[in-house]
Amino acid sequence: MRFDHGRRVRDWRPIRWLRSRLGLRRHAEMEASEAEMGNWLRFDPEVSIRQTHDGFEVSMDLPGVGRDDVDARGSGARLTIQGRRTRERDSASEVVLMCARGYGSFCRSFVIPDGADAEQAQAFLADGVLTVFVPREKAARVRRIAVKS
């Protein structure tokens, strides 16, 4: 490759450059120990929180996590969800070419807004999504007031 002024330019390969800067290896060379991989492939589930008329709904994506591997607790004004996603064991004849899924323990805590009744919270795990519903206290529920003329 040449510019108009005649100087030779090195062939720039951005992926190769990035790998060398980050110390990453090619997939065929990726035989890192589990401890080494665990530092950058941890499991951090995504969460969404919604406010409804009757309460608050916390949804957390937990693919590959069983009902016995997750624990949800409500204490005072705090909701804590913790659990673990374990790695599937590879057989001796298999070679992992790429691994982009995280594994390990997770713990997320959320402050529950005033008026929520954590004692009456319910949790459901279906299709890899944990849904925790925290109802509002009866006195804190929003009530529509009819306007008369």
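What counts and what doesn't
- Residues numbered from 1 in each chain as written.
- Predicted model: local features only at pLDDT ≥ 70, side-chain atom pairs only at ≥ 80, totals over all residues.
- Heavy atoms only, no water.
- Helix = DSSP H or I, 4+ residues; strand = E, 2+ residues; numbered from the N terminus.
- Contact = heavy atoms within 4.5 Å.
- Areas by Shrake-Rupley, 256 points an atom, 1.4 Å probe, with all protein chains shown as cover.
- Pairing = 2+ DSSP bridges.
- Axes fitted to C-alpha atoms, helices over the stretch in contact; angles between N-to-C directions.
- Salt bridge = Lys/Arg side-chain N within 4 Å of Asp/Glu carboxyl O.
- Buried < 20%, exposed > 50% of the residue type's maximum accessible area, 1.4 Å probe, protein only.

**Quick notes on the overall build of the chain**
Looking only at helices and strands, the chain features two helices and seven strands. Overall, the chain shows an N-to-C arrangement of helices and strands of α-α-β-β-β-β-β-β-β. Here the contacts in the chain between residues at least 6 apart in sequence split such that 52% fall between residues at least 24 apart. Accessible area of the chain: about 11900 Å², with a carbon and sulfur share of 49%.

**Some details on the sheet that holds strand S2 (residues 55-61)**
Across the sheet, which stays open at both edges, the four strands sit in the order S1-S2-S7-S6 with antiparallel pairing between neighbours. Because the sheet does not close on itself, it has two edges, and the strands there are strand S1 (47-51) and strand S6 (122-126). In this sheet, neighbouring strand axes are inclined to one another by 15° on average, regardless of whether the strands run parallel or antiparallel. Here S1 pairs with S2 via five bridges, running antiparallel. Bridge pairing in S2 places Ser48 opposite Ser59.

**A look at the pattern of salt bridges**
What the rule picks out here adds up to three salt bridges. Ionic pairing is found between Arg108 and Asp44, a salt bridge with its closest N-O pair at 3.9 Å. In this pair, Arg108 sits in strand S5 (residues 104-111) while Asp44 sits in the loop between helix H2 (34-38) and S1, placing the two residues 64 residues apart along the sequence. Taking relative accessible area as the criterion, Arg108 reaches 27% and is therefore assigned partly exposed. Exposure remark for Asp44: the relative accessible area of 45% places this residue in the partly exposed category. With a closest N to O distance of 2.8 Å, Glu57 and Arg50 form a salt bridge. In this structure Glu57 comes out as partly exposed when scored by relative accessible area, which is 21%. For Arg50, a relative accessible area of 44% translates into the label partly exposed.

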